[in-house]
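Chain by chain, the residues:
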Amino acid sequence: MTAILVPRGRLRPVSVGGARLARPMAWALVGLLALVTLVAVFARQLAPYNPIQPVGPINLPPLSPGHLLGTDGIGRDLLSRTLIGIQVSWLSALVVVASGLLIGGTIGLIAGATGGWVDSVLLMRLTDLFLALPGALVAIAIVAALGSGLVNTLIGVALVWWPYYARIVRGETKALAARPHVEAARLAGVGRPRILTRHLLPGVVPTAVVSASLDIGNVVLLLAALSFLGLGQRAPAPELGADTARALSQLLSQWWVPGIPGIAVLLLSLIANVGGDAIRNLIPVRR
Amino acid sequence: MTEPVAALTDFSLSLVRNGIRNQVLERIDLQIRPGEILGLVGESGSGKSVLALSLLGLLPHTSHPQADGQVTVSGVDMVRAGPAELRRVRGEVLGAIFQDPMTSLNPTMRIGKQIGEVTHDDAESVRLLETVGVRDAQLRLRVYPHELSGGLRQRVMAAIAVGGRPGLIVADEPTTALDVTVQAQLLDLLRELRDEFGCSVLLITHDLGVADQIADRLAVLHHGELVEIGPASDVVRNPQHDYTRSLLASRLSLTMPRDERFSGAADDSEPAVRIRDLRRTFTVRRGVRWARGSYREINAVDGVDLDIAPGEALAIVGESGSGKSTLLRIVAGLEKPTSGSVTLAGTGGPQMVFQDAGSSLTPWMSVGETLGERLRPLKLSRAEVRQRVIAALAAVDLPPEVAKARPGELSGGQRQRVVLARATMIPPAVLLCDEPTSALDASLAKSVLALIRDLRARIGMTVLFVTHDLAVARLMGDRIAVMQAGRVVELGPAEQVIAEPREPYTRTLLAAVPEIVEGAVS
């Protein structure tokens, strides 16, 4: 009888976060992502004033007493408006990316795992069709057709956003499906649905999450651009892109009124991008 | 006397792996003399490849090497010298051949250009390629690495290695990925290169037989320590150290004792596996340069008829490309035949043990979950499933705790045992083994093979065992089928095929196996 084969002296070290904590910078950036999300969720509690009502003198510059970021042309508090604007932009971006992941991921997973004509004719050509359309224009068209408003904007953007994820997930799934562990599972009598959910999906998630997190910044920008064009929420609801657009005439006289929401958009997409990079570095993409 | 080409003096080395510092080499003293072939033998993890990297001055910075003592090549300290000097020594004194020529050749560069980086002259490149035995060398300069076979690629690597007229060639497992016949040619080549260029060779291998064939001296490495060094024939035939003895004992040879377990299909019962006129054709588009966009058909399996009796073990031997794996995959139902049929008797269906156990287990599922999946159709309760899983692990000599582990936390041997447990926890109609031990060290391979024989005896399993190793085939098979170019060229009882091969091809295969003759091994 043979003895138990424990590798002597060279037990594979089980990583208990040791290697991960060695990258404090990456974790700090991911923490920043979480912080922004928290700020977005609790924006109403954090905002010192009602963002829609005038609450002070008009066009106060930033760092004025009582109004940290100043006020706009009709005396509304810019900090409050920006906070609520961040809430709208950030949470919308998360919703768009999440729904894109859900739709695109499902289609990609099925296409990659099935192969054959379902993959090449049905699902991937459908995806290509959407990829071929200029995303922003289609979103504008959809919003124009459905009427402006936050929900319609989200629907419009989500509809043009999923094909990227479908492509990525399908590629990853195809690579995984070629691995012997999937064949081994098939031989072991595992059914198709379970192979999809247990043997393929967990391997695809890291890549999909990484590319999605890198995308949040893009969605923030697209949403800001749409609302800048007047396709977002209706006034007087605060929205970063729309606020920038409306106050653009004040850029030379009171730069902060359009500037602060604009800078907020810049910071949001910057944080989303570096945070996404950090997530990519932290998640070991399995091969 | 003469200066050694390279020397390690009291050399210790530690590397960081996964955040943990490991002592990899421990006080090594080793000289490589001019013109000698020094064999360095050890199992995986013994530090032999790290030793090669130290000699080449290629220790990875990312693993923060900490070295004591010295590694000198022609007077230069290879661990501490600056990059410019290292590059000079590598260019002028060293040549390297690695295990996988596909990854060590640049896939985007033509062969000629890669050799040209050393020779700077096409005529010289052609001469070199001819020296290493590449035919039509002039034409080969224009091809890319992927257009060559494994053996040819390794020859190209050898040409690049000797191109700079090195004093020392470091060859790290140069033949492991090759067929036995190609391996024999490459070993001859190394010896010829030594004779012609007068360079030394450090041949790193896990196979004592290979080392014994061409090495002048032999060094045995175990857990980073040099346990034995001496003239090759002394080390192999009169080993002093226990570890060398155990290495020799775990070698699978063509003469090792083997137990008869199955006495042929005595009764005329239905065969467990019946393969009739099986064919599988692949269509490959030829390279644009070679033909006018034409398609070429490859008969991977070309009319195979086989009957395997219930409880019998049939070993299929062949070199890479002989179609043995395709045959196995068709029997498993993973691939469809172009024509012909496979009929399996009995219940349980086919189960397969793959070459790379690591990649045949789902990395994010625990062993318990993986094994439990086999029981899902039985609709057992949780407690029953846990019981069966533990029993299955016990059957392959694994403790119950393994059920909680992920494949990544297990060693190669343990993973192969888990795969075996999955395949046999419900007795299969036929167990298909695709080179299950070729990625394992000899001692581990031996225990896994013993386990397969054991399981087979316990549940009376039919086994179809594919291997390129004749010694393994003889050990595992009641009968041996030799495959060449998609056909079974010889089929007979194992001992008979090994002892009195009828076909010339079988004889070639047998002659190429590096055997240790007159082994005074107990």
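Note that the structure is predicted; figures quoted are calculated from it, not measured.

**Student:** So what's going on with the overall build of chain B? Residues and values would help.
**Tutor:** A tally of regular secondary structure across chain B gives 19 helices and 19 strands. In terms of C-alpha radius of gyration, chain B reaches 25 Å, essentially the compact-globule figure of 24 Å for 522 residues. If you line up chain B on its principal axes, its C-alpha atoms span 70 × 55 × 45 Å. Relative to its full complement of 522 residues, chain B shows a buried share of 46%.

**Student:** So what about the overall build of chain A? Which residues, and what values?
**Tutor:** Of regular secondary structure, chain A possesses eleven helices and zero strands. What you see in chain A, going N to C, is helices and strands ordered as α-α-α-α-α-α-α-α-α-α-α. Expected size for 287 residues packed as a compact globule is a radius of gyration near 19 Å; at 24 Å, chain A overshoots this value by more than 25%. Once the C-alpha set of chain A is aligned to its principal axes, its extents read approximately 90 × 50 × 30 Å. Within chain A, buried positions represent 40% of all 287 residues.

**Student:** Can you explain the domain arrangement of chain B? Please cite residues and give values.
**Tutor:** Residues and elements named next belong to chain B. Splitting chain B by domain gives domain 1 (1-93 + 211-250) and domain 2 (273-349 + 428-512). Inter-centroid distance (C-alpha atoms) of domain 1 to domain 2 is 38 Å. Contacts between domain 1 and domain 2 engage four residues on the former and four residues on the latter. Residue composition of the side of domain 1 that touches domain 2, grouped by class: no nonpolar, three polar and one charged.

**Student:** Describe the sheet that holds strand β19 (residues 487-493) of chain B, and please don't skip the residues or the numbers.
**Tutor:** Residue and element names in this part refer to chain B. Strands sit in the order β15-β16-β17-β13-β18-β19 across an open sheet of six strands; the sheet is mixed. Since the sheet does not close on itself, it has two edges, and those belong to β15 (350-353) and β19, each with one partner. The mean angle between the axes of side-by-side strands here comes to 20 degrees, regardless of whether they run parallel or antiparallel.

**Student:** Give me the environment of Gly-203 of chain A: which residues, what numbers.
**Tutor:** With respect to the helices, strands and loops of the structure, Gly-203 of chain A is situated in helix α9 (residues 192-228). Placed 30 residues apart in sequence, Gly-203 of chain A and Thr-173 of chain A show a C-alpha to C-alpha distance of 8.0 Å.

**Student:** Lay out helix α14 (residues 382-395) of chain B with the relevant residues and their values.
**Tutor:** Side chains three or four residues apart in an α-helix point the same way, a direct result of the helix having 3.6 residues per turn. Residues and elements named next belong to chain B. Here α14 spans 20 Å end to end across 14 residues, near enough to the 20 Å set by a 1.5 Å rise per residue. Taken residue by residue, α14 has Val-385, Val-389, Ala-392 and Leu-393 as its buried positions. Taken around the axis of α14, the buried residues stretch over an arc of 100 degrees, which confines them to a single face. Seen from the buried face of α14, the exposed residues on the opposite side, beyond 90 degrees, are Ala-383, Glu-384, Gln-387, Ala-391 and Ala-394. On the buried face of α14, the contacting elements are α13 (367-375) and α15 (412-424).

**Student:** Tell me about the sheet that holds strand β7 (residues 168-172) of chain B, and please be specific about residues and values.
**Tutor:** Residue and element names in this part refer to chain B. Strand order in the open sheet formed by six strands is β6-β7-β8-β3-β9-β10, with mixed pairing between adjacent strands. Edge strands, defined here as strands with exactly one partner in the open sheet, are β6 (94-97) and β10 (225-231). Across this sheet, the average inter-strand angle for adjacent strands is 15 degrees, counted without regard to direction. Bridge count for β7 against strand β8 (residues 200-205) is five bridges, and the pairing is parallel.

**Student:** Go over α9 of chain A with me, naming the residues and quoting the values.
**Tutor:** Residue and element names in this part refer to chain A. Taking 1.5 Å per residue as the helical rise, α9 with its 37 residues ought to reach 54 Å, whereas the 47 Å between its terminal C-alpha atoms falls clearly short. Largest kink in α9: about 55 degrees, centred on Leu-201, with the proline Pro-202 one to four residues after it. Looking one or two places after α9, you find Gly-230, whose phi comes out positive at around 90 degrees.

**Student:** Could you give me a rundown of the environment of Ala-212 of chain A, with the residues and numbers involved?
**Tutor:** All names here are of chain A. Here Ala-212 is to be found in helix α9. On the basis of neighbour count, Ala-212 is assigned to the buried category, with 24 C-beta atoms found within 10 Å. With 149 residues separating them in the primary sequence, Ala-212 and Leu-63 have C-alpha atoms 36 Å apart. In this structure, Ala-212 is in contact with Val-97, Leu-101 and Tyr-165, ignoring residues within four places of it in sequence.

**Student:** I'd like a rundown of the packing of α9 of chain A against helix α11 (residues 256-282) of chain A, residues and numbers included.
**Tutor:** Residues and elements named next belong to chain A. Put simply, α9 and α11 touch, their axes get as near as 7 Å, and they point 170 degrees apart. Relative to α11, the element α9 is oriented roughly antiparallel. Residues Val-209, Val-210, Ser-213, Leu-214, Ile-216, Gly-217, Val-220, Leu-221 and Ala-224 of α9 touch α11, and the partners they reach there are Val-265, Leu-268, Ser-269, Ala-272, Asn-273, Gly-275, Gly-276, Asp-277, Ile-279 and Arg-280. Partitioned by chemical class, the residues of the contact of α9 with α11 number eleven nonpolar, six polar and two charged.

**Student:** So what about the nonpolar core? Which residues, and what values?
**Tutor:** Soluble globular proteins tend to pack their nonpolar side chains together in the buried interior. One finds Val-157 and Val-219 of chain A together with Ala-315, Ile-316, Leu-464 and Phe-465 of chain B to be the most contacted residues of the largest nonpolar core, which totals 139 residues. Tallying contributions element by element places helix α4 (residues 78-114) of chain A first for this core, with 14 residues. When neighbours within four sequence positions are excluded, Val-157 of chain A is seen to be in contact with Val-96, Ala-139, Val-219, Leu-222 and Leu-223 of chain A. Membership of the second largest hydrophobic core comes to 80 residues, among which are Val-5, Leu-13, Ala-161 and Ile-214 of chain B.

**Student:** Hey, could you go over the confidence of the model for chain A for me, with residue numbers and the actual values?
**Tutor:** Here chain A averages 83 in pLDDT, while 91% of its residues score no lower than 70. The element-level mean pLDDT for chain A is lowest in helix α1 (residues 18-21) of chain A, coming to 44, with α4 of chain A highest at 91.

**Student:** Explain unusual backbone geometry to me, using residue names and the numbers behind them.
**Tutor:** All names here are of chain B. Backbone geometry at His-64 places phi at a positive 45 degrees, although glycine is not the residue there. Here His-64 lies in the loop between α1 (48-56) and β4 (66-73). Of the residues examined, His-64 has 12 C-beta atoms within 10 Å and is grouped as exposed. With a phi close to 50 degrees, Arg-165 is a non-glycine residue in the positive phi region. Along the chain, the position of Arg-165 falls in the loop between α7 (150-163) and β7.

**Student:** Please give an account of the packing of α4 of chain A against α11 of chain A that cites residues and values.
**Tutor:** Residue and element names in this part refer to chain A. Put simply, α4 and α11 touch, their axes get as near as 10 Å, and they point 35 degrees apart. In this structure, α4 crosses over α11, and the sense of that crossing is right-handed. Packed against α4, whose contacting residues are Leu-78, Thr-82, Gly-85, Ile-86, Ser-89 and Trp-90, the element α11 presents Trp-256, Ile-260, Pro-261, Ala-264 and Leu-268 at the interface. Its residues placed into classes, the contact of α4 with α11 shows eight nonpolar, three polar and no charged.

**Student:** Quick rundown of the confidence of the model for chain B? Include the residues and the values.
**Tutor:** Chain-level statistics for chain B give a pLDDT mean of 85 and a share of 94% at 70 or above. Under the prediction, the complex receives an ipTM of 0.75, its pTM being 0.78.

Conventions and cut-offs
Residues numbered from 1 in each chain as written. Chains lettered and ligands numbered in written order. Predicted model: local features only at pLDDT ≥ 70, side-chain atom pairs only at ≥ 80, totals over all residues. Helix = DSSP H or I, 4+ residues; strand = E, 2+ residues; numbered from the N terminus. Rg over C-alpha atoms; globule rule 2.2 N^0.38 Å. Buried ≥ 20, exposed ≤ 12 C-beta atoms within 10 Å, placed from the backbone. Domains from an automatic or database assignment. Contact = placed C-beta atoms within 7 Å. Nonpolar A, V, L, I, M, F, W, Y, C, P; charged D, E, K, R; others polar. Pairing = 2+ DSSP bridges. Axes fitted to C-alpha atoms, helices over the stretch in contact; angles between N-to-C directions. Expected span 1.5 Å × (residues − 1). Arc of directions from axis to C-beta. Bend = angle between axes of the 7 residues up to and from the residue. Parallel < 35°, antiparallel > 145°, perpendicular 65-115°, else oblique. Core = buried A, V, L, I, M, F, W, Y, C linked by C-beta atoms within 7 Å. pLDDT = per-residue confidence, 0-100. Left-handed = near helix turned anticlockwise from the far one by under 90°.

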